[in-house]
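Here's the letter readout for the chains.
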Amino acid sequence: MSAAAAPTRRLSIYLYRRPALALILLLAPPLLWLGVVYLGSLFALILQSFFTLDSFTGQVVRKLTLANYRDLFVASNIDIIVRTASMAAAVTVAAAGVAFPISYYMARYATPRVRALLYLGVLLPLWSSYLVRVYSWKLILAREGVLNWTLVQMRLDGVLNWLLSLPVIGGPSLSVSRLGMFVVFLYVWLPYMILPIEAALERVPESLLEASADLGARPRETFRRVVLPLAFPGVVAGSLFTFSLTLGDFVVPYALGNSALFIGQAVLAFQGTAANVPLAAAFTVVPMVIMAVYLTIARRTGAFEAL
Amino acid sequence: MASGVTRPGAEPARERASTSAVRFSHVSRAFGDVQAVDDVSLDIDDGEFFSLLGPSGSGKTTCLRLIAGFDHPTAGTIELHGVEVSGVPPYERDVNTVFQDYALFPHMTVGENIAYGLMIKRVPGAEREVRGREMLELVRLPGMADRRPAQLSGGQRQRVALARALINRPRVLLLDEPLGALDLKLRQQMQVELKAIQRAVGITFIYVTHDQEEALTMSDRLAVMNNGRIDQVGTPADVYEHPATGFVAGFVGVSNLVSGETARALTGLPATFTIRPEKILIREPGASVTDGMCWADGRVRDVVYLGAHTRYWVELDAGGELVITQQNVESTSMDVLAARDRRVRLVWHRLHNRPVETMG
Amino acid sequence: MAARAPTARASFGLKAATVAVLLFLHLPLTVIILFAFTTEDAAFRFPPPGLTVNWFGVAWQRADIWAALSLSLRVAALTALAALVLGTLAAAAVHRSRFFGRETVSFLVILPIALPGIITGIALRSAISLLGIPFSVWTIVIGHATFCVVVVYNNVLARFRRTAYSQVEASMDLGASPFQTFRYIVLPSIATALLAGGMLAFALSFDEIIVTTFTAGQQETLPIWIFNQLTKPRQRPVTNIAALFVIAGTFIPILLAHRMTQGTVEAGRAGR
């Protein structure tokens, strides 16, 4: 039947008799890349967090120590961590609140065609550059920018000035203030909250709501006792994104913040100019640990199915 | 009985090495704890239409895949035309398959699908076209070469799959329940056509099906499989008239399985036997019984009118129940349905009692 | 909240909230587009004093923008290529065989994109400097490819699952070796998944800023260029024009990929 076997054919026959080898060949490149290069560097990073930087020689001292982790508890560093974590929490809560109405509408009231359009509408911003979206807010929030102009038209500029005068969240201008950062974080991560909540709500069968009404519950109660608990895994799934993304971000704080650093900026600063990779590594472990804890809690609420 | 094979219907070893197309020698295929194929030995002759018949999960499709090369046996050897093929991949075996879902390539035309095997072998385009057209004629789909599979009906796709396999002139053709998705009329028509094509082309067909009527219609010989084992191998007449086990009797055609006390009451011996429903005659109670006949009295429990014939369930006085089938030669539906609850005497030739082992 | 009869209409409040959120999501980008045309230098005063296309000309002259743009394009193309090869190999292995570490492979593939960018960034940076490799285009590509593999992997695996395996068996049954089968049968069936995955990888890479900050040396991709301009108000409209390029370079490939896969959720994961 066959003519002189081509080399690829002979290779195929050889591998037919050795299916394990064929599998190894197939998996080797991606596994090498991801397993060795990526995982390897992660482990190297965690390992580095246990080394220290000799401030005189500028060299890394390869002796295992918890010095970096102790340094994390220095007041200024704790500040960084608390600052970042509380921003992440605030953004998460706000995102859940803002996302819920639109998710609810999409899941329960929209016709399939409208729902598809809304889905696209929520995805579209994600398709445009993340950096540019952050940058656009610099323009919007500027002292004479769009937002300011709108507020002036509505005669609400007094409210804005009052907000800006508040400590901690205020600042010289919205585009350089914690409040501004909050708005931008909310903006960029919002779709990541909308989609899982929508998915979770979609999965609530109509019959449950009807049963609840049938058993005498008014709409508000049905919402509180049936809809909300069932949507909760979706909220948790979305919060995984908003929390983790905020924890690690340095772009938004850099663009709209001041000298009060966030974790992401601290990592960048320490490994960059200070060349203190061990300390930077210790800093990155913080979001890793926080997210690991968060993930284990989240898995128990069933959020992974909502993803 | 040869070797360690104790299955009653299994083939005795035969001197057929020179014309054996496919030979299984103690082949087993296990998936974890499950034995999909359990110690199967089989000899399929060159040029015959051979069926593997059995219910789902009996291992027949697994056997087919073992022949094609998509799977390896965990024990035993398989020979194709005398050559052992355990290390030979499917693309090196002189075997082609017609798949249950046809597996036509959606991005190619019918013509390209059919000529695929030739294209792989670097047969020049002109010859591919000629042979492709021949094949389309053979399966009675002339002029369809430029259509796409999506535009064809189920029956047409099935014929394209057949043509695609046959064009390579394999020595063995495997067919995996190819008519399953077709309606009854089309299926019966295709059965006749397949048989005709097989006779015309003269190659070995190995046909897998769970439809015993199909197997009986088309095969030169067939094997009845049950739980990974072969219960019986033989010609259709053999298997139908002389079922080796209770399973075969029950699976191939409808049958009555009589055992224990009822058997003793009817035949004097407690040995298990089967009796085909169409061999039993229904008489008035008290009808005379000649020598060599068995008889039993009872009451008609239920009647089902099936158009060409009628099926009766009769509760025996001696215990148990028998199913009887009678052709509606002169009676109408009204007549037969009135038989319900009537007392009757059943009479049949002792010769038609087939003893079986009660395994399976 | 509206009454919960099956055919109930949503309350006005709910509809208003939905519209408000949609506006919130979409207006900022229109602002950028608007301010690419403003005559004013600082480029955020609203309403803009006038509109012009001059800034396009200015941007055209800027060598640094051209350099950044061409670097971004090169990196994105190389990343897409690497991601295509690695992702397809991984998807093929996972789909075909049942082996011990199957879920591990899926987990490993998704890890780079699931972990925060700074972790991936600094991990790769310290590994690269540890190995003494100079920072260059290639280190940027390594960084990008690592988290882009997953989009190709998901797309190709999903397509594999949708294709009947019997076609592969039929091809081999008819005499084609696995290589021939890949060429004639598998490749055509995954072609659009490959294209879509490649486009998504391109877009992800083109837009990427966080990991790139760590894995680039002196090179400036377009996002890095914009990043460096963030706190410098000089010639803002030019920055806006660069921003327009980035929007186009991310939006268009993703739109195409979305069309090709008929809008699966994979496209949604792209926006980081």
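Look a little higher up for the structure.
Residues numbered from 1 in each chain as written. Chains lettered and ligands numbered in written order. Predicted model: local features only at pLDDT ≥ 70, side-chain atom pairs only at ≥ 80, totals over all residues.

### Observations concerning helix α6 (residues 184-201) of chain B
Residues and elements named next belong to chain B. With 18 residues, α6 extends 26 Å between its outermost C-alpha atoms, agreeing within 8% with the 26 Å of an ideal straight helix rising 1.5 Å per residue. Every buried residue belonging to α6 is among Met 190, Leu 194, Ile 197 and Gln 198, and all of these are buried. The arc that holds the buried residues of α6, viewed along the axis, is 95 degrees, so those residues lie on one side. Turned more than 90 degrees from where α6 packs its buried face, Lys 185, Val 192, Ala 196, Arg 199 and Ala 200 sit exposed. (Helix = DSSP H or I, 4+ residues; strand = E, 2+ residues; numbered from the N terminus. Expected span 1.5 Å × (residues − 1). Buried ≥ 20, exposed ≤ 12 C-beta atoms within 10 Å, placed from the backbone. Arc of directions from axis to C-beta.)

### What to know about the nonpolar core
Judged by nonpolar contacts, the single largest core of 169 residues is most densely connected at Trp 189 of chain A together with Val 149 and Ala 242 of chain C. If you tally residues by element for this core, the top one is helix α9 (residues 178-202) of chain A, at 17 residues. Domain assignment of the residues forming this core places at least three in each of domain 1 (25-55) and domain 2 (62-270) of chain C. Once you skip the residues sitting within four places of it in the chain, Ala 242 of chain C turns out to touch Ala 59, Ile 65, Leu 222, Trp 225 and Ile 226 of chain C. One finds Val 85, Leu 136, Ala 296 and Val 356 of chain B within the second-largest nonpolar core, a separate group that totals 94 residues. (Core = buried A, V, L, I, M, F, W, Y, C linked by C-beta atoms within 7 Å. Domains from an automatic or database assignment. Contact = placed C-beta atoms within 7 Å.)

### Side note on the packing of helix α5 (residues 117-130) of chain C against helix α6 (residues 137-162) of chain C
Residues and elements named next belong to chain C. Following both chains from N to C, one finds α5 and α6 inclined at 140 degrees, their axes separated by 11 Å at the closest point. Put simply, α5 runs oblique to α6. For the element pair α5 and α6, the recorded crossing hand is right-handed. From α5, Thr 120, Leu 124 and Ile 128 reach across to α6, where they touch Thr 139, Ile 142, Gly 143, Thr 146 and Phe 147. Split into classes, the residues belonging to the contact of α5 with α6 amount to 4 nonpolar, 4 polar and no charged. (Axes fitted to C-alpha atoms, helices over the stretch in contact; angles between N-to-C directions. Parallel < 35°, antiparallel > 145°, perpendicular 65-115°, else oblique. Left-handed = near helix turned anticlockwise from the far one by under 90°. Nonpolar A, V, L, I, M, F, W, Y, C, P; charged D, E, K, R; others polar.)

### Considerations on the interface of chain B and chain C
With 17 residues of chain B at the interface, the matching set in chain C holds 14 residues. Of all the elements in the fold, those that place two or more residues in the side of chain B that touches chain C are β6 (95-98) and α3 (116-120) of chain B. Per-element accounting of the side of chain B that touches chain C gives the leading share, 3 residues, to α3 of chain B. Tallied by class, residues from the side of chain B that touches chain C come to 9 nonpolar, 5 polar and 3 charged.

### Let's talk about the interface of chain A and chain C
Accessible area lost when the parts come together is the quantity often used to give the size of an interface. If you look at the interface, chain A gives 75 residues, while chain C gives 70 residues. Considered class by class, the residues forming the side of chain A that touches chain C number 52 nonpolar, 17 polar and 6 charged.

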